[in-house]
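Here's the letter readout for the chains.
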2 protein chains.
Amino acid sequence: MIKPSKIQFYPEGFLSYHTSCGIKDNTLDLGVVFSETPANSAAVFTRNAFPGEPVKIGRKIIQNGLLQAIVVNSKNANVATGSDGYENSLKICRKTAQELNIPVDSVLPSSTGVIGRPLPFEKVLAGLDSLKDQLVNPADFPGFAAAIMTTDTFPKFVSAQTGNASIVGVAKGSGMIEPNMATMLSYFFTDAEISSNDLDRILRSCADKTFNCLSVDSDTSTSDTLVIMANGKAGKVDLVEFENTLLSLCTDLTKMLARDGEGATKLFIVDVINADSADAAKKIAKSIINSPLVKTMIYQGDPNWGRIYMAVGKTSGVHLREPQIQIFWGKNREIDSSSTTALSKYLRENEELFLTVDMCSGKSSCRVYGCDLTEEYVRINAFYTT
Amino acid sequence: MIKPSKIQFYPEGFLSYHTSCGIKDNTLDLGVVFSETPANSAAVFTRNAFPGEPVKIGRKIIQNGLLQAIVVNSKNANVATGSDGYENSLKICRKTAQELNIPVDSVLPSSTGVIGRPLPFEKVLAGLDSLKDQLVNPADFPGFAAAIMTTDTFPKFVSAQTGNASIVGVAKGSGMIEPNMATMLSYFFTDAEISSNDLDRILRSCADKTFNCLSVDSDTSTSDTLVIMANGKAGKVDLVEFENTLLSLCTDLTKMLARDGEGATKLFIVDVINADSADAAKKIAKSIINSPLVKTMIYQGDPNWGRIYMAVGKTSGVHLREPQIQIFWGKNREIDSSSTTALSKYLRENEELFLTVDMCSGKSSCRVYGCDLTEEYVRINAFYTT
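Residues numbered from 1 in each chain as written. Chains lettered and ligands numbered in written order. Predicted model: local features only at pLDDT ≥ 70, side-chain atom pairs only at ≥ 80, totals over all residues.

Turning our attention to the overall build of chain A. In terms of helices and strands, chain A carries 12 helices and 13 strands. For a compact globule of 386 residues, the expected C-alpha radius of gyration is about 21 Å, and chain A comes in at 21 Å, within 12% of that figure. Principal axes of the C-alpha set define a box for chain A whose edges measure 65 × 50 × 35 Å. Taken across its 386 residues, chain A has 62% of its residues classed as buried. When contacts within chain A are restricted to residue pairs at least 6 apart in sequence, those whose partners lie at least 24 apart make up 81%. (Helix = DSSP H or I, 4+ residues; strand = E, 2+ residues; numbered from the N terminus. Rg over C-alpha atoms; globule rule 2.2 N^0.38 Å. Buried ≥ 20, exposed ≤ 12 C-beta atoms within 10 Å, placed from the backbone. Contact = placed C-beta atoms within 7 Å.)

This paragraph deals with the relation of the copies chain A and chain B. Mapping between the two copies of the chain is achieved by a rotation about an axis and a shift along the axis. Laying chain A over chain B is done by rotating through 180° and shifting 0.0 Å along the axis; what remains is an RMSD of 0.0 Å. Such a turn and shift between the copies fits a two-fold axis. In terms of proximity to the rotation axis, the leading residue of chain A is E375 of chain A, whose C-alpha is 2.2 Å off the axis. Looking at the interface residues of chain A, 100% of them are also at the interface in chain B, so both copies use one shared face. (Least-squares fit on C-alpha atoms with pLDDT ≥ 70 in both.)

Residues and elements named next belong to chain B. Reading across from one edge, β11-β10-β12-β9-β13 is the order of the five strands in this open sheet, with mixed pairing throughout. At either margin of the open sheet sits one strand with a lone partner, and together these are β11 (335–336) and β13 (364–371). For strand β9 (residues 267–275) and β13, the ladder comprises seven bridges, and the chain directions are antiparallel. Residue F268 lies in a different strand from β13, and its bridge partner there is G370. (Pairing = 2+ DSSP bridges.)

Of note, S130 of chain A is situated in the loop between α3 (121–127) and α4 (131–134). In sequence terms S130 of chain A and A278 of chain A are 148 residues apart; their C-alpha atoms lie 51 Å from each other.

Tallying the contact residues gives 45 residues for chain A and 45 residues for chain B. Among the secondary structure elements, those contributing two or more residues to the side of chain A that touches chain B are α9 (292–300), α10 (306–313) and α12 (375–382) of chain A. Class assignment of the residues belonging to the side of chain A that touches chain B gives a composition of 22 nonpolar, 16 polar and seven charged. (Nonpolar A, V, L, I, M, F, W, Y, C, P; charged D, E, K, R; others polar.)

This paragraph deals with the domain arrangement of chain A. Residue and element names in this part refer to chain A. We note that the domain assignment places domain 1 (14–259) and domain 2 (267–382) within chain A. Look at where the C-alpha atoms of domain 1 and domain 2 centre, and you get two points 31 Å apart. Each partner contributes residues to the interface: domain 1 has 11 residues there, and domain 2 has 12 residues. (Domains from an automatic or database assignment.)

Moving on: helix α2 (residues 82–100) of chain B. Residue and element names in this part refer to chain B. The end-to-end C-alpha distance of α2 is 28 Å, a good match for the 27 Å that 19 residues give at a rise of 1.5 Å each. Of all the residues in α2, the buried ones are G85, N88, S89, I92, C93, K95, T96, E99 and L100. Down the axis of α2, the buried set is contained in an arc of 160°. They therefore lie on one face. Exposed positions of α2 whose direction lies more than 90 degrees from the buried face are S83 and E87. Elements that come into contact with the buried residues of α2 comprise β2 (30–45), α1 (53–61), β3 (66–73), β4 (107–111), α3 (121–127) and α4 (131–134). At the exit of α2 stands N101, carrying a positive phi of roughly 60°. (Expected span 1.5 Å × (residues − 1). Arc of directions from axis to C-beta.)

Bringing unusual backbone geometry into the picture now. All names here are of chain A. A cis amide bond links N137 to the next residue, P138, at an omega of 0°. The topology assignment puts P138 in the loop between α4 and α5 (141–147). Unusually for a residue other than glycine, R333 sits at a positive phi of about 55°. For R333, the position within the fold is in the loop between β10 (326–329) and β11 (335–336).

A packed helix pair is summarised by two numbers, namely the angle formed by the two axes and the spacing between the axes. Contact geometry for α9 of chain A and helix α12 (residues 375–382) of chain B: axes closest at 8 Å, N-to-C directions at 70°. Judged on the interaxial angle alone, α12 of chain B and α9 of chain A are roughly perpendicular. The chirality of how α9 of chain A crosses α12 of chain B is right-handed. Contact residues: α9 of chain A offers L293, T296, M297, Y299 and Q300 of chain A, while α12 of chain B offers V378, N381 and A382 of chain B. (Axes fitted to C-alpha atoms, helices over the stretch in contact; angles between N-to-C directions. Parallel < 35°, antiparallel > 145°, perpendicular 65-115°, else oblique. Left-handed = near helix turned anticlockwise from the far one by under 90°.)

This next bit is on the sheet that holds β10 of chain A. Residues and elements named next belong to chain A. Judged by pairing direction, the sheet is mixed, and its five strands sit side by side in the order β11-β10-β12-β9-β13 without closing on themselves. On the outer flanks of this sheet lie β11 and β13 (364–371), each paired with one strand and no other. Summarising the sheet, β10 and β11 pair through two bridges and their orientation is antiparallel. The residue bridging W329 from the neighbouring strand is I335, located in β11. Packing of helix α7 (residues 239–259) onto the sheet brings it into contact with β9 (267–275) and β13, and relative to β13 it is tilted by some 45°.

A few words now on the pairing of strand β5 (residues 156–162) of chain A. Residues and elements named next belong to chain A. Counting buried positions over the seven residues of β5 gives five, a clear majority of the element. Note: β5 against strand β6 (residues 165–172), seven bridges, orientation antiparallel. In the sheet register, S159 faces β6, and the bridge partner there is V168. In this structure, the hairpin formed by β5 and β6 is closed by a connection of two residues, where G163 is found at a positive phi of approximately 60°.

Residues and elements named next belong to chain B. Contact pair helix α8 (residues 278–290) / helix α10 (residues 306–313): the axes reach a minimum separation of 8 Å and the direction vectors enclose 135°. In terms of orientation, α8 and α10 fall into the oblique class. Helix-helix and strand crossings are classified by hand; for α8 and α10 the assignment is right-handed. Packed against α8, whose contacting residues are I284, S287 and I288, the element α10 presents I308, A311 and V312 at the interface.

In this model, chain A carries a mean pLDDT of 89, and residues with pLDDT of at least 70 account for 95%. Taken over the whole predicted complex, pTM reads 0.79, whereas the ipTM for its chain interfaces reads 0.75. (pLDDT = per-residue confidence, 0-100.)

What follows is the structure in structure tokens.
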């Protein structure tokens, strides 16, 4: 079961708050996570050339390597809103800082939702009134995860222990997802003591293997933001073990995001192996996982494997020799293309599908995460603002 | 009305034949066009690295610059079928040549349909028995166009006069369409007298502005083939006029292909203007026309214009400055983004939608052709082989 039930491990010193401030309706739309002490932090952001206003602020603030709070609203992305939009995000940061009595440059803002509409920042400011008194301790991470959802069908959170420290991760999806450097919105909180330089290196490495290998619909959000805050309360940890634990949590969140892609009914995991280079492996894997014809094929379990072949062949920027490729399905590569009956059965009876494409030409591999394409994706997105 | 009704101009000296040879069922699946005399010819083919076996043969044969017949089957693409597949296509060429008493290297084969299944070539060979006696004169181009359809909902053909000569064009779509060098299957027949070198230059130029600017679903077919045959019976023509006429016919077929994209309900024409380079303009336009979120938005007429902004911003391989872009809708750019009501009305009430994105930064422009993304696209492709 991919849907999370509860937080098992709590990092010390994090408090939270979430509410509905009425941006669109009376559903949850505002969340804050606060660290009692300044936390070493790192972040990566979208590579969309037109980032949201909060992303522009976040990029500046993270250069200090220190954060004490994040403030996130859903229902409005504050993108393509110009200098007014930038100023509105700053006002939200100032209000948060003032309420919490912390420096304004220790508050990182995020917004997610519809693009190109002015953010009703007064509602957000009103929602932050008396923030300090309303914080809960320890933080209610599932509640925060729920507050930042857009078309997600369930809140996404994970937790783990590493040495004496704990890590919690929270994320939201679920359309406009082909992260390019970071991902939609995802935040990690830990009480481990780690320098911001180490956090930055570890976060980028983990993101490259997980969030950056995820695609729901090949559309890159303008708001992608991935942040980690480490307040040090639990003391030092083994960095290798910490990175492995974080990687595992990132992988779990990535799978949740793929499985909860808009309209999705299947999680689709594609391994490209024995490719000429890591870059080639990733490009080929992305070409497969983004192909509408492959995505519709796995939706109804149609054993039309020639589409995999087509998707490999159309990969641009990769040199492909006359095909010697081998295609396998199943976690243990137990189904080859010779049996369409077995493949059809496998595709229809599993919610988690594994495809392996052996390029038979080199030594590099890549794993990517995606989902099927359904009528429901079309419906959700044909009516999103109305 | 985009659906063609009849051929108005007939080039001299072309005969045709079409039938059902029973590849999948008893619908039309085989067509031949024959020129009484050898015709100067040119062709461009898919850039998918794993082309179909007929494409491999076509690439060799077209080097002579002379063709006398094309033989096309639908329902099976003869792709990913290995050396047997290659040999089977050759057998079809040999049979065609023998029946028509012409050299085997003047017969260009094409196949379209499902990938990865052996082509039942015996059925095709039987379908070609007594071919010469069954040819109709003049060629029945609409019948030939119907025989090469897969999921197309109507046969696609065009005709025009240039000087004393006529040109007829025929094409089929309608999924797995983002041509990269050529397009799905499209054939032009003319009685103009033009050298194969001139044909090649003119055909490539026209394809670049039309078929190569078309995308239904970003998936590049393994079978894309575009051929022109000019048998010279009508004598010399003005080359500039000929090129303009051919360009116009290619544009018409491209629009038909986009409008008849799988599941499509709208033709979507995107102009990117005032970009830094022609390459940038094309990449940005393709990014917009391939975006699932843009394609679903126009389907139901949702005025969610921020998605255009996102799609421009995510264009890879293009340097984009802080956005000064302007977005207009309508053939005469009469609707700007200030009125979501007017935009919603425009999107809902028109089957042919025009979007213009002014990059405000250079002098290059590009027009591309696409369609909306609907539940029907998903349905068609989730059940294609079953």
